[in-house]
Amino acid sequence: MSDIRILAINPGSTSTKFAVYFEGECKLKKTLRHSIEELSLYENIIDQFEFRKGLIIDSLVEEGFDVDKIKYVIGRGGLTYSLKSGVYLVNNRMLKHARAGIYGQHASNLGPLIADYIALQIPGAHAYVADPVVVDELDEIARFSGHPLLERRSIFHALNQKATARLHAKKIGRKYEKLNLIVAHLGGGISVGAHCKGKVIDVNNALDGEGPFSPERSGTLPAGQLIDLCFSKKYQKDEIRRMVIGEGGYVAYLGTNDAMEVEKRAADGEELAIKIQDALGYQVAKSIGEMAVVLNGYVDAILLTGGLAYSKYLTRFITSKVEFISEVHVYPGEDELEALALNALRVATGEIEPLDYPN
Ligand SMILES: Nc1ncnc2c1ncn2[C@@H]1O[C@H](COP(=O)(O)OP(=O)(O)OP(=O)(O)O)[C@@H](O)[C@H]1O
Ligand SMILES: CCCC(=O)O
């Protein structure tokens with residue numbers, strides 16, 4: 001490995017995270033948190049581009065990094081075309097789709113834009129994204145929703161799910177491509193994926209009201225009641241959308257998206273907090289059961305990851321319901337920056353070729 005320098009960028013809904021790696025070693029890792037007031041100045045996600053990009057560049061300069069030596073700038077991929085898993089060279093079409101948000105607004109749309117901007121300032125540098133949220137490896141049978149006007153799409157925590165699955169495979173000395181795994185990412189949003197020999201053949205769409213509820217998302221709602229709500233004239237479209245994403249789940253029931261606070265309130269005996277925390281665990285366990293069926297019962301392991309997986313209460317609750325299916329392993333938190341950097345390293349060392357974003 002000769003002087004490979006990588007900048008990894010992960011724009012999240014309330015933070016911008018970035019890290020610099022030299023020779024595969026992390027030299028700087030920063031999380032810049034953004035208050036609701038700060039972000040409310042911008043009407044659209046894309047309007048935050050200058051602000052977030054400026055913060056990263058200022059931080060790098062402040063830390064005295066010789067940015068000119070960075071040749072790989074890799075961002076979290078956004079809501080663009082559905083893609084197969086891998087590392088993609090950022091091209092103009094991807095930038096256009098991310099900028100216009102034609103497949104939806106999400107902070108990750110800023111990933112390719114910021115990576116591209118920074119790479120353009122450095123002679124010889126290139127911009128990439130890896131395992132974007134739109135990684136789609138769904139089996140054909142999983143695409144049917146129940147109505148031809150509505151096709152299921154694969155939108156999930158692909159980067160962390162794949163990284164956790166690969167980490168587990170490495171830990172047990174097996175190849176990811178040889179295993180059947182169920183991975184539950186338990187973060188602000190929740191996705192539960194069936195990984196069949198290296199492909200996520202079914203997963204709930206974590207950004208479209210599917211699957212378990214989460215700290216800030218409603219998950220699947222009763223369709224009939226939702227239709228009535230939409231036409232009740234009591235709510236605007238945006239309000240309903242926020243009930244599903246941003247203000248559903250813990251936020252709707254308990255007024256907070258902080259699972260640590262919910263756990264404390266439950267431990268202090270607050271009855272509603274106890275019920276809702278258990279209901280979240282129950283729904284996650286139910287989704288894991290569904291994915292076991294998708295894998296015909298052949299499940300090498302169930303992996304719990306994401307911020308909520310730090311909660312011993314929750315992981316024990318879920319484990320008690322699903323351990324009859326397979327062994328459960330807990331990988332709390334996420335290290336998406338590390339996952340991005342590892343992907344860039346695989347390109348830098350020639351282990352993989354970057355893919356082209358389709359025309
Ligand atoms: N030690 C802990 N115990 C319980 N919950 C925790 C702990 N640490 C963090 N969390 C919870 O994890 C959630 C955030 O998880 P995470 O950081 O994985 O999500 P995110 O990155 O904001 O969103 P997403 O994972 O959907 O992209 C918050 O509700 C937070 O309170
Ligand atoms: C599924 C996309 C990632 C997120 O939860 O924000």
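Residues numbered from 1 in each chain as written. Chains lettered and ligands numbered in written order. Predicted model: local features only at pLDDT ≥ 70, side-chain atom pairs only at ≥ 80, totals over all residues. Heavy atoms only, no water.

For the protein, an unreviewed UniProt entry supplies the name Probable butyrate kinase and the organism Aquipluma nitroreducens. Here is the UniProt Subcellular location (unreviewed entry) comment for the protein, exactly as written: "Cytoplasm". (UniProt positions renumbered as here; feature names shortened; annotations may be inferred.)

Caption draft 1: Summary view of the packing of aromatic side chains. Scanning all chains against the criterion turns up 9 aromatic pairs. Each ring, one from F213 and one from Y253, has its centre 5.8 Å from the other, and the planes form 50 degrees; the classification is tilted. Residue F213 is located in the loop between β11 (199-203) and α6 (223-230), and its partner Y253 is located in helix α8 (residues 249-254); the two are separated by 40 residues in the primary sequence. For the cation-ring pair, R5 lies above F22, with the distance from its terminal atom to the ring centre recorded as 3.9 Å. Directly above the ring of Y117 sits K53, whose terminal nitrogen or CZ lies 4.1 Å from the centroid. (Phe/Tyr/Trp six-rings, centres within 6.5 Å; stacked < 30°, edge-to-face > 60°. Helix = DSSP H or I, 4+ residues; strand = E, 2+ residues; numbered from the N terminus. Lys NZ or Arg CZ within 6 Å of the ring centre and 35° of its normal.)

Caption draft 2: Representation of the site of ligand 1 within the structure. Contacts to ligand 1 come from 16 residues, most closely from H185, G189, N257, D258 and A259. Interatomic distance of 2.6 Å between a side-chain N/O atom of H185 and an oxygen atom of ligand 1. With respect to ligand 1, the side chain of D258 contributes an N or O atom lying 2.8 Å from an oxygen atom. Burial of ligand 1 by the surrounding chains reaches 73%, relative to a free accessible area of 640 Å². In terms of residue count, the dominant contributor to the shell around ligand 1 is helix α9 (residues 259-267) (3 residues). Here the residues of the shell around ligand 1 sort into 5 nonpolar, 9 polar and 2 charged. (Near = heavy atom within 4 Å. Polar contact = N/O pair within 3.5 Å; in protein donor to acceptor, adjacent residues only side chain to side chain. Areas by Shrake-Rupley, 256 points an atom, 1.4 Å probe, with all protein chains shown as cover. Nonpolar A, V, L, I, M, F, W, Y, C, P; charged D, E, K, R; others polar.)

Caption draft 3: Region of interest: α9. A259, V262, R265 and A266 are the residues of α9 that are buried. For α9, the angular spread of the buried residues around the axis is 120 degrees, confining them to a single face. Projecting away from the buried face of α9 at angles above 90 degrees are the exposed residues M260, K264 and A267. Of the surrounding elements, those touching the buried residues of α9 are α8 and α10 (271-294). Among the residues of α9, the N-terminal cap falls to D258, whose side-chain oxygen and the backbone nitrogen of M260 are separated by 2.9 Å. Of the residues trailing α9, G269 is marked for its positive phi of about 100 degrees. (Buried < 20%, exposed > 50% of the residue type's maximum accessible area, 1.4 Å probe, protein only. Arc of directions from axis to C-beta. Contact = heavy atoms within 4.5 Å.)

Caption draft 4: Inspection of a positive patch on the surface at higher detail. Taken together, the side chains of R174, K175, K178 and K197 present a region of like positive charge at the surface. If you trace the backbone, K178 turns up in the loop between α5 (158-171) and β9 (180-186). (Patch = residues over 30% accessible without salt bridge, like charges linked within 9 Å, V, L, I, M, F, W, Y side chains within 5 Å. Salt bridge = Lys/Arg side-chain N within 4 Å of Asp/Glu carboxyl O. Lys, Arg positive; Asp, Glu negative; His and termini not counted. Charge placed at Lys NZ, Arg CZ, Asp CG, Glu CD.)

Caption draft 5: Inspection of the sheet that holds strand β4 (residues 72-76) at higher detail. Strand order in this open sheet of 7 strands is β3-β2-β1-β4-β6-β5-β14, and the pairing throughout is mixed. Single-partner strands in this sheet number two, and they are β3 (25-33) and β14 (355-356). Direction of pairing for strand β5 (residues 87-89) relative to β14: parallel, over a ladder of 2 bridges. Paired with Y88 across the bridge in β14 is L355. Together, β1 (5-11), β2 (15-22) and β3 form the strand contacts of helix α2 (residues 49-62), whose direction differs from that of β2 by roughly 40 degrees. (Pairing = 2+ DSSP bridges. Axes fitted to C-alpha atoms, helices over the stretch in contact; angles between N-to-C directions.)

Caption draft 6: Representation of α5 in the model. Over its 14 residues, α5 runs 20 Å from end to end, which matches the ideal 20 Å to within 8%, given 1.5 Å per residue. Positioned one or two residues after α5, G173 has a phi angle of 70 degrees, which is positive. (Expected span 1.5 Å × (residues − 1).)

Caption draft 7: Representation of the nonpolar core in the model. If you look at the biggest cluster of nonpolar residues, it comprises 36 residues, and the most contacted ones within it are L7, I9, F18, V20, L60, V73 and I118. With residues near it in sequence (within four places) discarded, V20 still touches I6, L7, E25, C26, K27, L28, L60, F65 and I70. Among the nonpolar cores identified, the runner-up in size contains 31 residues, and V192, V284, L308 and L314 belong to it. (Core = buried A, V, L, I, M, F, W, Y, C linked by side-chain atoms within 4.5 Å.)

Caption draft 8: Inspection of the site of ligand 2 at higher detail. Every residue near ligand 2 is listed here: R76, H106, V133, F156, H157, A206, L207 and R217. A distance of 2.7 Å separates an oxygen atom of ligand 2 from a polar side-chain atom of H157. R217 is positioned such that a nitrogen or oxygen atom in its side chain is 2.7 Å from an oxygen atom of ligand 2. Protein burial of ligand 2: of its 230 Å² of free accessible surface, 92% is covered by the chains. The residue inventory of the shell around ligand 2, partitioned by class, reads 4 nonpolar, 2 polar and 2 charged.

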